[in-house]
6 protein chains.
Amino acid sequence: MNRLKVEEALKHFLIEDIGDRDVSSVIFRETDIGEAIVRFKEDGVIAGLHCFKWGYGLLDEGVKVELLKSDGDYVKSGEAIVRLTGPVASLLSGERVLLNLVQRMSAIATLTAQCVETLGSSRTRIVDTRKTTPGLRMFEKYAVRAGGGFNHRIGLYDAVMLKDNHIAAAGSITKAVDRVRASLGHMVMIEVEVETEQQLQEAIAAQPHVIMFDNQTPETMTRWVKLVPSSIRTEASGGIDLNKLAAYRNTGVDVISIGALTHSVSNIDISMNLSVSSKEAVFV
Amino acid sequence: MNRLKVEEALKHFLIEDIGDRDVSSVIFRETDIGEAIVRFKEDGVIAGLHCFKWGYGLLDEGVKVELLKSDGDYVKSGEAIVRLTGPVASLLSGERVLLNLVQRMSAIATLTAQCVETLGSSRTRIVDTRKTTPGLRMFEKYAVRAGGGFNHRIGLYDAVMLKDNHIAAAGSITKAVDRVRASLGHMVMIEVEVETEQQLQEAIAAQPHVIMFDNQTPETMTRWVKLVPSSIRTEASGGIDLNKLAAYRNTGVDVISIGALTHSVSNIDISMNLSVSSKEAVFV
Amino acid sequence: MNRLKVEEALKHFLIEDIGDRDVSSVIFRETDIGEAIVRFKEDGVIAGLHCFKWGYGLLDEGVKVELLKSDGDYVKSGEAIVRLTGPVASLLSGERVLLNLVQRMSAIATLTAQCVETLGSSRTRIVDTRKTTPGLRMFEKYAVRAGGGFNHRIGLYDAVMLKDNHIAAAGSITKAVDRVRASLGHMVMIEVEVETEQQLQEAIAAQPHVIMFDNQTPETMTRWVKLVPSSIRTEASGGIDLNKLAAYRNTGVDVISIGALTHSVSNIDISMNLSVSSKEAVFV
Amino acid sequence: MNRLKVEEALKHFLIEDIGDRDVSSVIFRETDIGEAIVRFKEDGVIAGLHCFKWGYGLLDEGVKVELLKSDGDYVKSGEAIVRLTGPVASLLSGERVLLNLVQRMSAIATLTAQCVETLGSSRTRIVDTRKTTPGLRMFEKYAVRAGGGFNHRIGLYDAVMLKDNHIAAAGSITKAVDRVRASLGHMVMIEVEVETEQQLQEAIAAQPHVIMFDNQTPETMTRWVKLVPSSIRTEASGGIDLNKLAAYRNTGVDVISIGALTHSVSNIDISMNLSVSSKEAVFV
Amino acid sequence: MNRLKVEEALKHFLIEDIGDRDVSSVIFRETDIGEAIVRFKEDGVIAGLHCFKWGYGLLDEGVKVELLKSDGDYVKSGEAIVRLTGPVASLLSGERVLLNLVQRMSAIATLTAQCVETLGSSRTRIVDTRKTTPGLRMFEKYAVRAGGGFNHRIGLYDAVMLKDNHIAAAGSITKAVDRVRASLGHMVMIEVEVETEQQLQEAIAAQPHVIMFDNQTPETMTRWVKLVPSSIRTEASGGIDLNKLAAYRNTGVDVISIGALTHSVSNIDISMNLSVSSKEAVFV
Amino acid sequence: MNRLKVEEALKHFLIEDIGDRDVSSVIFRETDIGEAIVRFKEDGVIAGLHCFKWGYGLLDEGVKVELLKSDGDYVKSGEAIVRLTGPVASLLSGERVLLNLVQRMSAIATLTAQCVETLGSSRTRIVDTRKTTPGLRMFEKYAVRAGGGFNHRIGLYDAVMLKDNHIAAAGSITKAVDRVRASLGHMVMIEVEVETEQQLQEAIAAQPHVIMFDNQTPETMTRWVKLVPSSIRTEASGGIDLNKLAAYRNTGVDVISIGALTHSVSNIDISMNLSVSSKEAVFV
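These figures come from a predicted structure and were not determined experimentally.

To continue, consider the packing of aromatic side chains. By the definition in use, this model includes 15 aromatic pairs over all chains. Ring centres 6.0 Å apart and planes at 75 degrees place the aromatic pair B:Tyr157 and C:Tyr157 in the edge-to-face group. Residue B:Tyr157 is found in the loop between α4 (137-146) and β7 (159-162), and its partner C:Tyr157 is found in the loop between α4 (137-146) and β7 (159-162); the two belong to separate chains. Relative to F:Trp224, the ring of F:Phe213 has its centre 5.4 Å away and its plane inclined at 85 degrees; by these criteria the two rings are edge-to-face. Of this pair, F:Phe213 sits in strand β9 (residues 210-214) while F:Trp224 sits in helix α8 (residues 218-227); the two residues are 11 residues apart in sequence, bridging distant segments of the chain. As far as the burial class goes, F:Phe213 and F:Trp224 line up, both buried. Above the face of the C:Phe150 ring, C:Arg125 is positioned so that its terminal group lies 3.7 Å from the ring centre.

Spelled out as structure tokens, the structure:
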């Protein structure tokens, strides 16, 4: 991730929660120093560890951050992932925001890893979609990578996806691909979505970079894959989640895109335990 | 929601997805006009409808937005919630971002409504927490309200929550509350978290505005509620989700706070169906 | 104050004054090093000292800032509050902006301290209002605290104030309070403004957290305070300034809110005296 | 004022006060329409009227704003300056911020007008300084103009002011002016500050555009003015306020700069009276 | 171009030039209305016409903008491209910024069109590079398209370019491509730069999407093109400008990338002629 | 240049190019350290060296930047200007943006230096105009200074330029200057543009600070200069470029303004050569 963009985002998130000040911190003195251990409370794959380093760096350069794991590591419940030392007031002011972010990123990485594991030795890859949380795309696509998945296009700007409306407006798949190829540079990937075998045949003839099989059974996909020449990548899409994934393992598609990776995850439970070194609090 | 802040956020979200331009839209002419109907694909409670109005307003003033429901409405699968008419290119450029946002908001509203329904005639309220998605707190807290829930504090700045670390630093609950009261103005709510009956007794004596029972059984909570004078509000907290909620229905606490409302929801499925009025596409 | 927000503001303020560059600094060489002493030119209470540290930190990490006082200290005319050493060009480029800010903050702290002193041993507290300078609320509310005062609500978002228009729209104080309580969460303070004894009685019955006596004589306030049960806080408001304050000392109200603390202060005179170490200037 | 900059500032100020939402507005329905009259509560000169138009325009395009005066007008206590009609919730959400701003601007315009009046038929002009409130320079310098005053340099970037430190670093006034002239373009005004007659003589010989007499008696200034050739403008400066101003009326200086115009004003009292058209409030 | 991003940029550019206000506009009254005609002063291809519409829209909604040409049109010296009517002060305040922008965009479009024309009937395309003016990439890449060229990758984020350093770090072209393919999703284009025929052979075997021939003679390129299978696109690069271009016309490469399109253009001369309707100016 | 503004701009430029991440950098390990030498590939005057220091400082504090020249130095083709050491991935991520910026700045400095040289021993100065690239004015005006030129006004806000439209609106040059002088403060420079000798005579009588001779022959200018009293500066303007400049060398005008300095330069060729210390790349 581009650190400049990460820091802009973290600054925004920290200000969202802290506002003008953390009123509860009036309890603490500047000399109240603490050590905090951040631990997984359930098994999962960690993603976003550097957010602790960069987030606390923005908040208070006096907080020392030691990362105990690497992104993509499988962490058991109870294991520590970060050790923090520094002013208690700062440790607590950043706690919730950074946990909220890393819990979500780790949930995405964990679900991705489960999907990857389900595919086993298959050469098919798991990819994400544009169904990300507004404002968090960079973080969520990173988490997919940390979990062993791959990224689909970043946004509307870096690749073409021709869906039914585009095809209807152009008149046919052939016309749509031709027009896109005529308008856009040689560095833009072109993907066509097909829903019937007739569309598939037309798409193959149009030679896009990728053909997406939308909402088909594993059987159909298996059959369709064989029709597509090796110079075109194939993508399975449409409501596939962890439960349905195994059925698609042997279809032979190049990638399976899963919106649920980013739009429907339950946060991984992560907690921070703090011990304070000095006890005689005074008003700040 | 403050429209000025909503628009700042929507602008940021739309730029995140569209970037310099929607390359697929080269298919369309400026005169390609379409009508799009946004529908729920599953039952749920809608929240965030105005985001369609404001979001498309930012993108293209030529898009007409007609809201067919109101936030908080229970919508059946298949029902339409918004009708849009305008340039096809603009309708498609805004589609994914606004669906991502409203799907998440509606998921939160729906889960909140289920929690509220579970409580039945109880006077206990459902409230949210600070476990919101970074950057989306305003939207997510709004969605909780749309679902019939209430908001806990907004952030670290508008209310005090005294947890174990604060109490340890101050020396005791009494000292902690006294110090906070001595430091902060009369408009700041003070809440104390208790984990044992001894702490509860000390908290009652300190007279904060709210006492939170952290991670207690329904039986304990029921007993503790009776010990607290009516001038102090009581809150049940700690890993309570929709499944466990029924057990807490009759504890008599004033509010039950549920982090899962915002940190662990699966997006409500919402889709946009578009029909294009003009067919002869040319390059733009 | 949240340092992240303070630094955003200071950056904005410094750019406002310096623009593309300080043209007068062409006189100095990079090696012209100076020492500057910042002194109070009149007696007062200091607030905002850290702005020197953070502001010069943004401008030039080569400037060393030594704070000689603490916020809230009473400073005599002529006393030094800060010692700065570093490149002369940087010292001068930041001088005016930081003085403008700290002079205003210290003026607010000083006036607040005078108000607090006027109240003497009374348990009544001095609080601010929302009549702050646009863009400076965080700084000005901090200055009130540095002067020994307390903060009222931060903005429109963190507490309810029911005034005549709200009450008229709802139909009565009772209805207004009931509706607010029905709509808003348990962490939102509710204050009601009353102008007659009849309103006071109705307000007491409605049990808001705070009742504000608007524009009443000290005598009326004294009488009214006795009618209000101890579970409700009382606030005196309406054109009370330092001159009129003594008359309200013994009314028994919990807080007296004073708009003049932030909307009508004369800056404390503070100046920076600079001595340059190297004399042979060249063009930069 | 540059409307683009004004609107950026107003958006920032409105978000500072309203935050995520105005919680008190839950009392009102969207259909509660009101009329508000903004009135001066004391005599003064109005400045900043367009802020009502632009500010409410940002908040709610449904608010109609009618300006009843022009900036620079002398307004008697009780006179109306603006009539607003629109949703009550929006009228109240913008009220405090816009009053805070216009009260300050009008205070500055009023004090400026008093200074101008004090000078009577003198050709000497009143000018401001850089002692403005951080973040508000554009607004405050506009207010000075509305009150009949003129602006000094905008910031450090648009004109040179050579003070003791610059002169010391350069070695002499002559050297300082020469160096500045050698370094900077022909569109940069050069002003030199003098404290003794010897410095004055040296300054005159160096031929800057403006010479500032710092902290001199009216008698000295009168004498010095006569020594300065007509091609150089003269400025009186140094702790001159409304009280001391009359003494400087006949010194013959071109301008008198007064820091107090912007750093030490008491807000003009302005209030908004609102009448609501519909009474049956419901929850929003 | 994404209008939301264009408007953000235009706002920034207009504020850069206008600052707090256009001081020269004190000459004009609000009722001074004018008509301005924007004309090409030399032959060229126009790009960026909508910037007049959007830019003046931001500055003053009272300015009416009529576009007389379309982007990509070839315009003869003396021809009008835009007619503006509205307040003279606003017309003049926006003039320079918008001309600066459109002059540069039109220069880029014109040079691109010259390059395209030079290639004649060749199927080779002209593409841009990342050698754009900082802050203007979106505008400059749009101008290339308006001139008949195509865009290379947008930035470092949407496609891979493997140069000598990448290859050295990986050990070989084969290893570099393999690693990239193993790390990145299926939507990322991979391009390899080659400087020798041996590298070319290795690159062909590695099957990237594009191979770039860096700094080769037309003869070498012609020979190399024949070695590359049709599934891989070829790009000529390295110091090719309008003068050298003809020599590359028949090499058979798919695209020729030309940095000079954006890094070394002389602005097209465009001027605005204004006629004012009302003559009796007063001070504003 | 104001470092705070420079860093804001550099952050914006770097994010424009890098986006969410530099995908090609997956080739490198964090431990791949490199040394890069930045060299001029043609002769020229360097401007903007500190951008390397500040830009890499923003991107990665682990990059060490050693500046080998000073801004304004004449650099021969092949000479090194900067030595960088640090993580290869960071060196490459910042390379293009910083080269794009410094190449343009150096091109401006070089052209300026050529103009200055052309004037030889003449006391006439070269100045820039407002024909700068949108968003880069601060950088481009700095580059003009680095090349030995001087700056004209910064923008519309810091000086008055009375052109035909202003004069027409006011009625005459005399009226225009009088009105401006009556409206604006004593620190605002006033310049009048004249196109005929009659206008010149009128302008001289009006006594502005500067008179601009617009589009006149060298002979006319030479004659006109003699008519202007020494208290008024003279400026030659109108399509003067490096080729035509020599003819104006002896006209005696104070400054010659040249739009081409900033609107029509060809980037100086600068390249970065990188050598990597560690070779065994792994995936990041």
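Another point: the interface of chain E and chain B. A common measure of how large an interface is: the accessible area buried when the components associate. Every contact between the two is made by 10 residues of chain E and, on the other side, 10 residues of chain B. Of all residues in chain E, the largest losses of buried area upon contact with chain B belong to E:Asn2, E:Leu4 and E:Lys5, amounting jointly to 52% of the total for that side. Taken together, the links from chain E to chain B amount to two salt bridges. Elements with a contribution of two residues or more to the side of chain E that touches chain B: α1 (3-18) and α4 (137-146) of chain E. Per-element accounting of the side of chain E that touches chain B gives the leading share, four residues, to α1(E). When grouped by side-chain class, the residues that make up the side of chain E that touches chain B number four nonpolar, two polar and four charged.

Taken as a whole and assessed by the stated rule, the structure comprises 81 salt bridges over all chains. The partner of C:Asp20 in a salt bridge is F:Lys5, with the nearest N and O atoms 2.6 Å apart. Taken together, the positions of C:Asp20 in the loop between α1 (3-18) and β1 (33-40) and F:Lys5 in helix α1 (residues 3-18) put the pair across two chains. The class for F:Lys5 is partly exposed, based on a relative accessible area of 28%. Shared partners join several salt bridges into a network, and the residues in it are A:Asp17, B:Arg130 and B:Arg137.

All names here are of chain C. Spatially, β6-β11-β10-β9-β8-β7 is the arrangement adopted by the six strands of the open sheet, whose pairing is parallel. Every interior strand has two partners, whereas the edge strands, β6 (125-127) and β7, have only one. Strand-to-strand twist in this sheet, taken as the mean axis angle between neighbours without regard to direction, amounts to 25 degrees. Bridge analysis of β7 against strand β8 (residues 189-194) gives four bridges, and the strand direction is parallel. Residue pairing across strands places Ala159 opposite Met189, the latter belonging to β8.

A few words now on the domain arrangement of chain A. Residues and elements named next belong to chain A. Structurally, chain A comprises domain 1 (3-114 + 266-276) and domain 2 (117-263). Facing the 20 residues of domain 1 at the interface are 20 residues of domain 2. Of all residues in domain 1, the largest losses of buried area upon contact with domain 2 belong to Ile108, Thr112 and Gln114, amounting jointly to 35% of the total for that side. Summed over the shared surface of domain 1 and domain 2, the number is one salt bridge. Here Arg104 ties to Glu140 by a salt bridge, and the two come within 2.7 Å at their closest N and O atoms. Put simply, the parts of the chain that give the side of domain 1 that touches domain 2 at least two residues each are α1 (3-18) and α3 (88-119). For the side of domain 1 that touches domain 2, the element with the highest residue contribution is α3, accounting for nine residues. Its residues assigned to classes, the side of domain 1 that touches domain 2 comprises 13 nonpolar, four polar and three charged.

Glancing now at the relation of the copies chain A and chain B. Mapping chain A onto chain B calls for a screw motion: a turn of 180 degrees about the axis and a shift of 0.0 Å along it, with 0.0 Å RMSD after fitting. Read as a symmetry element, the transformation amounts to a two-fold axis. When the interface residues of chain A are mapped onto chain B, 100% of them again fall at the interface, so both copies present the same face.

All names here are of chain D. Within the span of helix α7 (residues 197-206), buried status applies to Leu200, Ala203, Ile204 and Ala206. Taken around the axis of α7, the buried residues stretch over an arc of 160 degrees, which confines them to a single face. Exposed and facing more than 90 degrees away from the buried side of α7 are Gln198 and Ala205. Summarising the contacts, the buried residues of α7 are in contact with α6 (173-183), β8 (189-194), β9 (210-214) and α8 (218-227). Within two residues after α7, Gln207 carries a phi angle of roughly 55 degrees, on the positive side.

Moving on to the interface of chain A and chain B. Between chain A and chain B, the contact holds 62 residues from the first and 62 residues from the second. Buried area between chain A and chain B, both sides added, is near 5,200 Å², and the carbon and sulfur share of it is 60%. It is A:Glu16, A:Pro134 and A:Leu156 in chain A that bury the most area against chain B; as a group they hold 13% of the surface buried on that side. The interface formed by chain A and chain B holds four salt bridges in total. Scanning the region where chain A abuts chain B turns up 24 residue pairs in polar contact (both at pLDDT 80 or more). Elements with a minimum of two residues in the side of chain A that touches chain B: α1, α3, α4 (137-146), β7 (159-162), α5 (164-170), α6 (173-183) and β12 (270-276) of chain A. Per-element accounting of the side of chain A that touches chain B gives the leading share, seven residues, to α3(A).

With that out of the way, let us pick up the environment of C:Phe150. Position of C:Phe150 relative to the elements: it lies in the loop between α4 and β7. Along the primary structure C:Phe150 and C:Arg125 are separated by 25 residues, whereas in three dimensions their C-alpha atoms are 7.1 Å apart. Apart from residues lying up to four places away in sequence, C:Phe150 is in contact with B:Ala182, B:Ser183, B:Leu184, B:Gly185, C:Arg125, C:Ile126, C:Val127, C:Asp128 and C:Val144.

With 188 residues, the main nonpolar core has C:Phe52 and D:Phe52 as its most contacted residues. Ignoring anything within four residues of it in the chain, the contact list for D:Phe52 reads D:Val38, D:Val65, D:Ile81, D:Val82, D:Leu98, D:Leu99 and D:Val102.

Here is what the cut-offs are and how they apply
- Residues numbered from 1 in each chain as written.
- Chains lettered and ligands numbered in written order.
- Predicted model: local features only at pLDDT ≥ 70, side-chain atom pairs only at ≥ 80, totals over all residues.
- Heavy atoms only, no water.
- Phe/Tyr/Trp six-rings, centres within 6.5 Å; stacked < 30°, edge-to-face > 60°.
- Helix = DSSP H or I, 4+ residues; strand = E, 2+ residues; numbered from the N terminus.
- Buried < 20%, exposed > 50% of the residue type's maximum accessible area, 1.4 Å probe, protein only.
- Lys NZ or Arg CZ within 6 Å of the ring centre and 35° of its normal.
- Contact = heavy atoms within 4.5 Å.
- Buried area = accessible area lost by both parts, 1.4 Å probe.
- Salt bridge = Lys/Arg side-chain N within 4 Å of Asp/Glu carboxyl O.
- Nonpolar A, V, L, I, M, F, W, Y, C, P; charged D, E, K, R; others polar.
- Pairing = 2+ DSSP bridges.
- Axes fitted to C-alpha atoms, helices over the stretch in contact; angles between N-to-C directions.
- Domains from an automatic or database assignment.
- Least-squares fit on C-alpha atoms with pLDDT ≥ 70 in both.
- Arc of directions from axis to C-beta.
- Polar contact = N/O pair within 3.5 Å; in protein donor to acceptor, adjacent residues only side chain to side chain.
- Core = buried A, V, L, I, M, F, W, Y, C linked by side-chain atoms within 4.5 Å.

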